[in-house]
Every structure is written in C-alpha cells, then in structure tokens.
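The residues making up each chain are set out below.
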Amino acid sequence: GMKDVVAASGAPIGSIYHHFPGGKTQIAREALVAAGVAYGLLIPTLVAPHDDLGEAVESVFAQAATDMAETGFANMCPVGTVAAEVADTVEELRDATAAVFTGWLDGGTAYFESRGIPPTAARDLTITVVSALEGAFILARSLRDAEPLRAVGRVLGARYRGTTLTPGVSLTVNVGADH
C-alpha cells in the first residue's frame, strides 16, 4: 500500500502524491517501465559474446537458472508477474506490460537481425525465447527447481546450434508508454 511505500521511502506522503499523482498505479507503471528497460537489455548482453546462436540461447537460460537459484527463486521477471496478476483488472498496468513486452519483442528482433538472422526468423526467435523464459520462470519458481530453465535452454540451444551469428552491434530497447 501507499503507507508501505511512504515508510520505505522515508519521504512525506505529500511528496509521494506530488510526484506520483496517480498513486499506486502510477508508481507501479513507472517501476514496470524502468524494469522493462533493464530486463530488455539482458538477452542482447548475454548473447553478445557468442557467435553460435544455439550456444547463446542456452547461455541465456543457464544464466536465468543460476540467478533464480541464487536468489532462492525470488528473481523472476517482474513484468510477467504483474501481467499475470493485474492484466485483467488494471488497464493502465496491462497497457504498461504490453508496451514492455512489445519493446522487448521489437528490440530483440532488431538485435537478432543485426546479428544476421533474417527478419521473420529473428521475430520468431525473440517471441520463442521471451515466451519460454516467462513460462520456465513460473515453473522454476513454483517447483523451487531451476531445471525447467536449464531444460528449455538445452532444447532451444540444440534447435539453433550451428546457426552463426555475425558480430553484433549495440542496440537500445525502446520501452514505455509511448511505444
């Protein structure tokens, strides 16, 4: 609640409402957008050192498995969590999660295209990786076992092994309300 936000921030309640006149929903929306930008950079960052797509994809899921296990299964995608929790009840947050996901899909597609993957295949790959991560996060967290992430990484890695990635370029991910 807002009282918890005020207590955690140490700011007077008037300051919170001054900067966030939309209250909890506005705070949540802005936090989602900020998290979306940060999380949107993870896949390109993890893929960048690789020249084999299969190895790259497997490394993304291996890193996610390690992160989840090291945080006691607390480190799950906050965007997916909010989307699952409030997408049907808070339109502003549904719009925000949709904008974040759209930014990830567009940014990931552009990134993979810049690495030599044809446009349609780059889009399909990005949708597959994001969807598989989100589903594997839910399973891993529920089961308290990182194996779903590792298993998806192995399967998708085998599917794409041998696909050469050209040297990469830095891209930014455009995520936000205006997207």
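Just so we're clear, the structure is a prediction, and the values are computed from it rather than from any experiment.

Some thoughts on the pattern of salt bridges
Right, on to step 1. According to the stated counting rule, one finds six salt bridges in the structure shown.
Right, on to step 2. A salt bridge links Arg161 to Glu58, with the shortest nitrogen-to-oxygen separation between them at 2.6 Å. Here Arg161, found in the segment after helix H9 (147-160), pairs with Glu58, found in helix H5 (residues 53-70); they are 103 residues apart in sequence, far enough to count as distant.
Right, on to step 3. With its nearest N and O atoms 3.3 Å apart, the salt bridge here joins Glu147 to Arg150. Of this pair, Glu147 and Arg150 are both found in helix H9, three residues apart, which corresponds to roughly one turn of the helix.
Right, on to step 4. For Glu147, a relative accessible area of 30% gives the class partly exposed.
Right, on to step 5. Via salt bridges that share partners, Glu91, Arg94 and Asp95 belong to a single interconnected network.

Re the nonpolar core
Nonpolar side chains in soluble globular proteins tend to end up buried together.
Right, on to step 1. Ranked by size, the top nonpolar core spans 38 residues in total, and within it Phe61, Phe112, Leu133 and Leu149 carry the most contacts.
Right, on to step 2. Of all the secondary structure elements, the ones that give two or more residues to this core are helix H4 (42-47), H5, helix H6 (78-86), helix H7 (91-114), helix H8 (119-143) and H9.
Right, on to step 3. A total of nine residues in this core trace back to one element, the largest contributor, which is H8.

Section: the packing of aromatic side chains
Right, on to step 1. All told, the structure shown has two aromatic pairs when counted by the stated rule.
Right, on to step 2. Here the aromatic rings of Phe101 and Trp104 are separated by 5.3 Å at their centres, their planes lie at 80°, and the arrangement is edge-to-face. Remark: Trp104 and Phe101 occur in helix H7; sequence separation between them is three residues, near one turn of the helix.
Right, on to step 3. The buried category is assigned to Trp104, whose relative accessible area is 10%.
Right, on to step 4. Note on Tyr111 and Phe112: the rings are 5.4 Å apart at their centroids and 70° apart in plane angle, and the pair reads as edge-to-face. Per residue, the accessibility class of Tyr111 equals that of Phe112, and both read buried.

As for unusual backbone geometry
Right, on to step 1. Even without being a glycine, Phe73 presents a positive backbone phi close to 70°.
Right, on to step 2. As for its position among the elements, Phe73 is in the loop between H5 and H6.
Right, on to step 3. Residue classification places Phe73 among the buried positions, given a relative accessible area of 11%.
Right, on to step 4. Here Arg144, not a glycine, exhibits a phi torsion of approximately 55°, which is positive.
Right, on to step 5. Positionally, Arg144 belongs in the loop between H8 and H9.
Right, on to step 6. The exposed category is assigned to Arg144, whose relative accessible area is 51%.

A look at H8
Right, on to step 1. Under the 1.5 Å per step criterion, the end-to-end length of H8 is 36 Å for 25 residues, consistent within 8% with the ideal 36 Å.
Right, on to step 2. Against the buried residues of H8 lie H4, H5, H6, H7 and H9.
Right, on to step 3. After H8 finishes, the residue Arg144 shows a positive phi value of roughly 55°.

Section: the confidence of the model for the protein chain
Right, on to step 1. On average, residues of the protein chain score 85 in pLDDT, and 83% of them are at 70 or above.
Right, on to step 2. Element-level mean pLDDT values for the protein chain span from 64 in helix H2 (residues 13-19) up to 98 in H9.
Right, on to step 3. Taken as a whole, residues 175-179 scores under 50 in pLDDT and shows 15 contacts with residues more than four places along the chain or in a different chain.

Cut-off values and rules
Residues numbered from 1 in each chain as written. Predicted model: local features only at pLDDT ≥ 70, side-chain atom pairs only at ≥ 80, totals over all residues. Heavy atoms only, no water. Salt bridge = Lys/Arg side-chain N within 4 Å of Asp/Glu carboxyl O. Helix = DSSP H or I, 4+ residues; strand = E, 2+ residues; numbered from the N terminus. Buried < 20%, exposed > 50% of the residue type's maximum accessible area, 1.4 Å probe, protein only. Core = buried A, V, L, I, M, F, W, Y, C linked by side-chain atoms within 4.5 Å. Phe/Tyr/Trp six-rings, centres within 6.5 Å; stacked < 30°, edge-to-face > 60°. Expected span 1.5 Å × (residues − 1). Contact = heavy atoms within 4.5 Å. pLDDT = per-residue confidence, 0-100.

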